[in-house]
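Structural description and commentary
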Amino acid sequence: MAGVVVPRTSLRKRFELSRTRDTKAQMRECVAYLENPEILVAEFCDSFLTAEAFDNRTEDFCAYGQPDIPKRRWVDQIAQRLIELEHLRVADPDCSFRYIAREIVPLWNSVASPDDGADRRITGGGLDYVGAIEVEGEDMRPVLGVVMPQEDESPYLSFLRLITCLAEVATGCQMERANRFLFKNELPHRPTFDLHMLVVDHDPDAQPHPLVQLTRDLAHQFNARLREEWQFPSLLRSIVHAGMRDSDDFDGSLEPLWTV
């Protein structure tokens with residue numbers, strides 16, 4: 001395992017920069033992407049190609065409970081709600097999924113050799129949960145999910161984090177790794193993904209931040225244009241922004257806020 005290089009993709013760099021900016025700056029960035037959505041798709045394609053250089057098929061992803069995973073008590077609490085239920089569902093689209101794993105950092109390995117000289121064994125910005133959609137007569141679909149931090153006013157950063165992780169986990173080597181260690185070899189060779197952005201205790205009467213609609217529009221543009229890329233015509237099925245009640249009577253139903 002010595003000498004395995006952990007690349008930093010262009011989307012990873014973008015996400016790390018964006019989360020240091022205030023909401024107004026994030027809005028300007030989102031608008032710039034909406035005016036030229038082909039740039040975001042190009043950054044995704046470039047990130048995927050960069051991630052292809054990473055081959056760690058023999059080692060599991062960094063799993064919850066390992067000492068170098070930064071603990072986030074609030075997200076842990078939400079993940080526990082998902083773990084406790086056998087089936088979770090989003091009413092629209094009518095899809096049920098089951099929990100598979102949490103705290104997945106896609107390009108993790110135990111003896112990292114970062115490509116920029118920095119210590120990036122744990123880069124942050126990974127996946128809060130991974131799930132599986134199983135419909136009779138269809139291939140299993142993996143679900144990649146993030147839980148929006150309570151202080152976030154919009155899903156923009158969560159959207160960037162999700163597509164960053166998608167680019168980092170969807171390569172051939174990474175899917176072989178995921179199939180082996182997460183999905184018990186039940187995934188098809190080229191699976192189609194669903195992406196989830198989960199906001200907890202959503203207030204339906206609250207006035208949404210303008211960046212919420214801008215993020216939806218950008219997610220729609222990204223999903224549509226990615227299907228036009230010869231490498232990824234069926235990589236992504238849907239991007240879902242959903243609400244969840246953090247309460248003792250949570251029954252697994254997630255409220256769809258928007259889906260593209």
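Our structure's up above, just so we're on the same page.
Residues numbered from 1 in each chain as written. Predicted model: local features only at pLDDT ≥ 70, side-chain atom pairs only at ≥ 80, totals over all residues. Heavy atoms only, no water.

For the rest of this paragraph, the subject is the nonpolar core. Counting 51 residues, the largest nonpolar core has Phe44, Phe222 and Ile239 as its most contacted members. Tallying contributions element by element places helix 5 (residues 156-169) first for this core, with 10 residues. The residues contacting Ile239, other than those within four sequence positions of it, are Phe159, Leu195, Met197, Ala219, Phe222, Asn223, Trp258, Thr259 and Val260. In this structure, Ile133, Val143, Val147 and Phe250 belong to the second largest nonpolar core, which totals 18 residues. (Core = buried A, V, L, I, M, F, W, Y, C linked by side-chain atoms within 4.5 Å. Buried < 20%, exposed > 50% of the residue type's maximum accessible area, 1.4 Å probe, protein only. Helix = DSSP H or I, 4+ residues; strand = E, 2+ residues; numbered from the N terminus. Contact = heavy atoms within 4.5 Å.)

Further remarks concern the pattern of salt bridges. Within the structure shown, the criterion is met by 13 salt bridges. Across the salt bridge formed by Glu29 and Arg14, the nearest N and O atoms sit 3.0 Å from each other. Of the two residues, Glu29 sits in helix 2 (residues 23-35) while Arg14 sits in helix 1 (residues 10-18), which places them 15 residues apart along the sequence. On the basis of relative accessibility, which here comes to 8%, the residue Glu29 falls in the buried class. Residue classification places Arg14 among the partly exposed residues on the basis of a relative accessible area of 22%. (Salt bridge = Lys/Arg side-chain N within 4 Å of Asp/Glu carboxyl O.)

Running from amino to carboxyl end, helix 3 (residues 37-51) crosses helix 7 (residues 210-226) at an angle of 60°, the nearest separation of the two axes being 9 Å. Our classification of the angle between helix 3 and helix 7 gives oblique. Considering how the two elements wind past one another, helix 3 and helix 7 form a crossing that is right-handed. Taking contact as the criterion, the partners of Pro37, Glu38, Leu40, Val41 and Phe44 in helix 3 are, on helix 7, Leu218, Gln221, Phe222, Arg225 and Leu226. The class makeup of the residues in the contact of helix 3 with helix 7 is seven nonpolar, one polar and two charged. (Axes fitted to C-alpha atoms, helices over the stretch in contact; angles between N-to-C directions. Parallel < 35°, antiparallel > 145°, perpendicular 65-115°, else oblique. Left-handed = near helix turned anticlockwise from the far one by under 90°. Nonpolar A, V, L, I, M, F, W, Y, C, P; charged D, E, K, R; others polar.)

Across the nine residues that make up strand 8 (residues 236-244), a large majority, eight, are buried. Pairing geometry for strand 8 and strand 9 (residues 253-259), over four bridges, is antiparallel. Following the sheet pairing, Val240 is matched in strand 9 by Thr259. (Pairing = 2+ DSSP bridges.)

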